[in-house]
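These are the residues of each chain, in order.
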Amino acid sequence: MDTAATPHSNYLTDGYGLKSWLLTRDHKRIGLLYLLSVSAFFVLGAVFAGLIRLELMTPAGDLVESDVYNKIFTMHGVIMVFFFLIPAIPAVLGNFLLPIMIGAKDLAFPRLNLLSWYIYTVGGVFTLWALVNGGVDTGWTFYTPYSSAFSNSNVALVVVGIFINGFSSILTGLNFIVTVHKMRAPGMTWFRMPLFVWAHYATALIFVLGTPVIAITLVMVAAERLLHLGIFDPKLGGDPVLFQHLFWFYSHPAVYIMILPAMGVMSELVAAFSRKRIFGYEFVAFSSLAIAVVGFLVWGHHMFVSSQSVYAAMAFSLLSYLVAIPSAIKVFNWAATLFKGSISFEAPMIYVFGFIGLFLIGGLTGLFLAALAVDVHVTDTYFVVAHFHYIMVGGTIMMYLGGIHYWWPKIFGKLYHQGMARVSAVVIFIGFNLTFFPQFIVGYLGMPRRYHAYPPEFQLWNILSSAGAVILAIGYAMPTFYLIYSLVKGKPAPANPWGAKGLEWETSSPPPTHNFEAAPVVTEPPYNYAK
Amino acid sequence: MSGAHATQHPRLQHHFDNLDQQFEASALGMWLFLVTEILFFGGLFTAYMIYRLAYPQAFAEASHELDVVLGGVNTAVLISSSLTMAMAVWAAQMGKRSSQLLFLGLTILLGLAFLGVKAVEYAAKFEHHLVPGPDFRFEGARDPVHAQLFFSLYFVMTGLHALHMVIGIGLMAVLFVMAARGRFTKAYHTPVEVSGLYWHFVDIVWIFLFPLLYLIDRHGPVH
């Protein structure tokens, strides 16, 4: 590290051994460590999703027993939510890009950053241990008293794993906030920051304010199981509904942890491929903060049928509608940015259109669920499953992949096959809709979630959904091949292959170890495109 | 503090421009961490308040079983440790090594004293079968189920606080060794200041725990 960087050396060539990666403090290398581990968990979570779709091909519960099925959907949820969707964009792209985008040499606390990856890994090991040990069957929501008093599966192990993993979120969020406050380059004022940074700042606020609450809640569940305390156990004087309140106080904002960074990526991509300044920059920036704040006030909409007071339900319903406003502000601003832009259809832009489609459907069906009467009808049906997959999975993965495609030449200094990438974006979009749109219908017709058998009249919709899952799997697999191929055979990428604005495109591809050859000074507004 | 001189400082990490920026980042980082701690304890305080309001009689009865004298002594011990901590920070700012060692040592001793008193209190609860679980017995209680809930919360809340004390004492021990090796100067004493923030925070948690658990309704109409 102490050797001066020559113009041709970069962070990838600065040390080759395993030790140079496992002990690195470079935010870029840590981002790549996350890329590997997050991808591994995604594959594992996807295998469980595949098993679910396989079981649901036939109405009879014939592939696995019901308690095995319970474990399958629980592991799918736990892995995808806590080990993929929450860390995916912030820990991979945020880690890599946030310091570069504000002209810093690194995050404020590089050692803490590396520690957060190790914490994530240890949390993951606990969860995998539980899996090998026989799994867990409570659903990813760990509702008490089932999780605390009745389940005979490895609840404590998984709860401890998620508790540990939470500290990785907390430390990442803390690192981002301090970095944004204290490490900006000269001239990088708050309103010159890319919207990606604003979105990650808002996300970091949720990390810091929300995650500790799930942590203490899981401590209480673990204490009930291991020490026989009774905070949520009615037999011992506790109240299980309190668990739901505390759980959703984090887990609803967690949805915004997943979608806000995706929105940040979206803003970068829309501006870059429309060759236009983002429309209403301040509105997009503040709408991120608004989502983060209002997102903390809507948790009760998960509890419309959980003996909550009707007045509380009305308030939570109205507040839930309120979240739609900043989200809509963003969508309208992106649309206005596209309007009369010089749009080019590079691969990341195809993902942009995919995101708009999936986010619109997911967001609008969220309004159905915020409506009290409709929600009572569709609670615990596949309608809810379809809704949150559109938002959390559709929205987040579209922009995770869109971002990976956009910054791949920067991260690795290689160009990938544009045609293949465009095709994969389309395949994912088609596969996703085929998988999850039928679930809206079958859920509205009354098919409940979390059962391995169902009435025969729902089979058509389930077969469509399973067929869609196959297409979706092909779509997700494609980038793995052509992106890895690009590392071996890809043409070297120039510093700014898209002709985009932003500090990350002013340094070389891949960037040098300390990000810039000379400390950058910012003199122009963000997204300073011709139009 | 700034200028060419500070940039030469061996404690300055490569990605900061100067020691001021480095200190400000560390301090902000610790404040943010304390925010997460407030929310961490906040979940427990929320649970406690809800149950306290739901079962005021049972909670008042159960809280009578706590030893208010030992709790009061511990409160005094912790407040004194905050004073010695503040003095340790002052000594570091002034670059006085021997006073640093004195005050850090006193802080450690007061922290250990707190844990000792806490251990005595816990032992008494075990003797009197007031620990939640199959052995829990609360003779003469009108509502033993919710009294047990009080003790569940009591042990989780004070237990987590004690765990934070243990971590704090560990931090102080590390600082003590660093101070003994002369690592802190007028220009660089970030670890002392930042750990001081943590120590004061742990004290403040107790300042809320003590009245909530020991004092509310102490002389109220229980029977």
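Above: the structure in question.
Below or above, wherever it landed, is the structure these notes cover. (Residues numbered from 1 in each chain as written. Chains lettered and ligands numbered in written order. Predicted model: local features only at pLDDT ≥ 70, side-chain atom pairs only at ≥ 80, totals over all residues.)

## Side note on the overall build of chain A
How we decide: Note on conventions: DSSP H or I runs of at least 4 residues are helices, E runs of at least 2 residues are strands, and numbering of each starts at the N terminus. Based on C-alpha atoms, the radius of gyration is set beside the globule rule, defined as 2.2 Å times the residue count to the power 0.38. Once C-beta atoms have been placed from the backbone, residue pairs whose C-beta atoms lie within 7 Å are recorded as contacts.
Counting its regular elements, chain A contains 15 helices and zero strands. For 531 residues, the compact-globule estimate of 2.2 N^0.38 gives 24 Å, and chain A sits close to it at 23 Å. By principal-axis analysis of the C-alpha atoms, chain A measures approximately 65 × 50 × 45 Å. Within chain A, residue pairs in contact and separated by at least 24 positions form 85% of the contacts whose partners lie at least 6 positions apart.

## Observations concerning the overall build of chain B
The criterion, for reference: Each residue is classed by its C-beta neighbour count within 10 Å, where at least 20 other C-beta atoms makes it buried, 12 or fewer makes it exposed, and intermediate counts make it partly exposed; the C-beta atoms are placed from backbone geometry.
Counting its regular elements, chain B contains seven helices and zero strands. Summarising its shape, the C-alpha atoms of chain B cover approximately 70 × 30 × 30 Å along the three principal directions. Taking all 223 residues of chain B together, 37% fall into the buried category. The contacts of chain B with a sequence gap of at least 6 include a subset with a gap of at least 24, amounting to 75%.

## Regarding the nonpolar core
Operational definition: For our purposes the nonpolar core covers buried Ala, Val, Leu, Ile, Met, Phe, Trp, Tyr and Cys residues that link as a set through C-beta atoms within 7 Å.
Grouped together as the largest cluster of nonpolar side chains are 228 residues, with contacts concentrated most on A:V159, A:M266 and B:L153. When neighbours within four sequence positions are excluded, A:M266 is seen to be in contact with A:W334, A:V352, A:F355 and A:M399.

## Observations concerning the interface of chain B and chain A
The condition that has to hold: For this classification, Asp, Glu, Lys and Arg are treated as charged, while Ala, Val, Leu, Ile, Met, Phe, Trp, Tyr, Cys and Pro are nonpolar and the rest, including Gly, are polar.
With 27 residues of chain B at the interface, the matching set in chain A holds 30 residues. For the side of chain B that touches chain A, the secondary-structure elements that each account for two or more residues are α2 (19-54) and α6 (144-180) of chain B. Looking at the side of chain B that touches chain A element by element, the count peaks at 16 residues for α2(B). For the side of chain B that touches chain A, a count of residues per class yields 15 nonpolar, eleven polar and one charged.

## A few points about the environment of A:N113
Residue and element names in this part refer to chain A. With respect to the helices and strands, the residue N113 is situated in helix α4 (residues 110-132). Distance from N113 to N95, taken between C-alpha atoms, is 8.6 Å for residues 18 residues apart in sequence. For N113, the residues in contact, after removing those within four places along its chain, are H27, I30, N95, L107 and N175.

## Topic: unusual backbone geometry
Residue and element names in this part refer to chain A. Here T144 and P145 are connected by a cis peptide whose omega angle stands at 0 degrees. Note the cis peptide between S509 and P510, where omega equals -15 degrees. Turning to its location among the elements, P510 is positioned in the segment after α15 (459-489). Phi angles above zero are rare outside glycine, and D380 is one such case at about 60 degrees. Within the fold, D380 resides in the loop between α12 (372-378) and α13 (382-412). Accessibility expressed as a C-beta count within 10 Å gives 12 for D380, which makes it exposed. The backbone phi angle of N515 is positive, close to 75 degrees, even though this residue is not glycine. For N515, the location among the structural elements is in the segment after α15.

## A look at α4(A)
Since one α-helical turn is 3.6 residues long, residues separated by three or four positions face the same way. Counted only if it meets this: Expected span, for any helix, means 1.5 Å times one less than how many residues it has.
Taking 1.5 Å of rise per residue, 23 residues should cover 33 Å, and α4(A) covers 33 Å from first to last C-alpha, within 8% of that figure. Phi for A:G134, located one or two positions after α4(A), is positive at around 125 degrees.

## Focus on the packing of helix α2 (residues 27-55) of chain A against α15(A)
All names here are of chain A. Heads up, the rule is: In this description, a line fitted to the C-alpha atoms serves as the axis of each element, helices being fitted only across the stretch in contact, and the angle between N-to-C directions of two axes falls anywhere from 0 to 180 degrees. Roughly parallel here means an angle under 35 degrees, roughly antiparallel means over 145, roughly perpendicular means 65 to 115, and every remaining angle is called oblique. In this scheme, a crossing is called left-handed if the near helix is turned counterclockwise away from the far one by less than a right angle; it is called right-handed if the turn is clockwise.
Two elements in contact, α2 and α15, have axes separated by 9 Å at closest approach and are oriented at 160 degrees. Comparing the axis directions of α2 and α15 gives the class roughly antiparallel. The hand of the α2/α15 crossing is left-handed. Seen from α2, the contacting residues are A46, A49, G50 and R53; seen from α15, they are S465, S466, A469, A473 and Y476.

## Digging into the environment of A:L205
Structurally, A:L205 is set in helix α7 (residues 195-227). Remark: the alpha-carbon pair of A:L205 and A:G94, spanning 111 residues in sequence, is separated by 14 Å.

## Thoughts on the packing of helix α6 (residues 155-182) of chain A against α2(B)
α2(B) packs onto α6(A) with a crossing angle of 140 degrees between their chain directions and a minimal axis gap of 9 Å. As the angle between them shows, α6(A) and α2(B) are arranged oblique. For the pair α6(A) and α2(B), the crossing hand works out as right-handed. Along its contact with α6(A), which presents A:I170, A:L174, A:I177, A:V178, A:H181 and A:K182, the element α2(B) presents B:Q21, B:E24, B:A25, B:L28, B:G29, B:L32, B:F33 and B:T36. Grouping the amino acids of the contact of α6(A) with α2(B) by side-chain chemistry returns eight nonpolar, four polar and two charged.

## Brief notes about the environment of B:G168
All names here are of chain B. Tracing the backbone through its elements, the reader meets G168 in helix α6. For the pair G168 and H200, spaced 32 residues apart in the sequence, the C-alpha separation amounts to 9.9 Å. In this structure G168 touches G111, Y198, W199 and V202, once residues within four positions along its chain are discounted.

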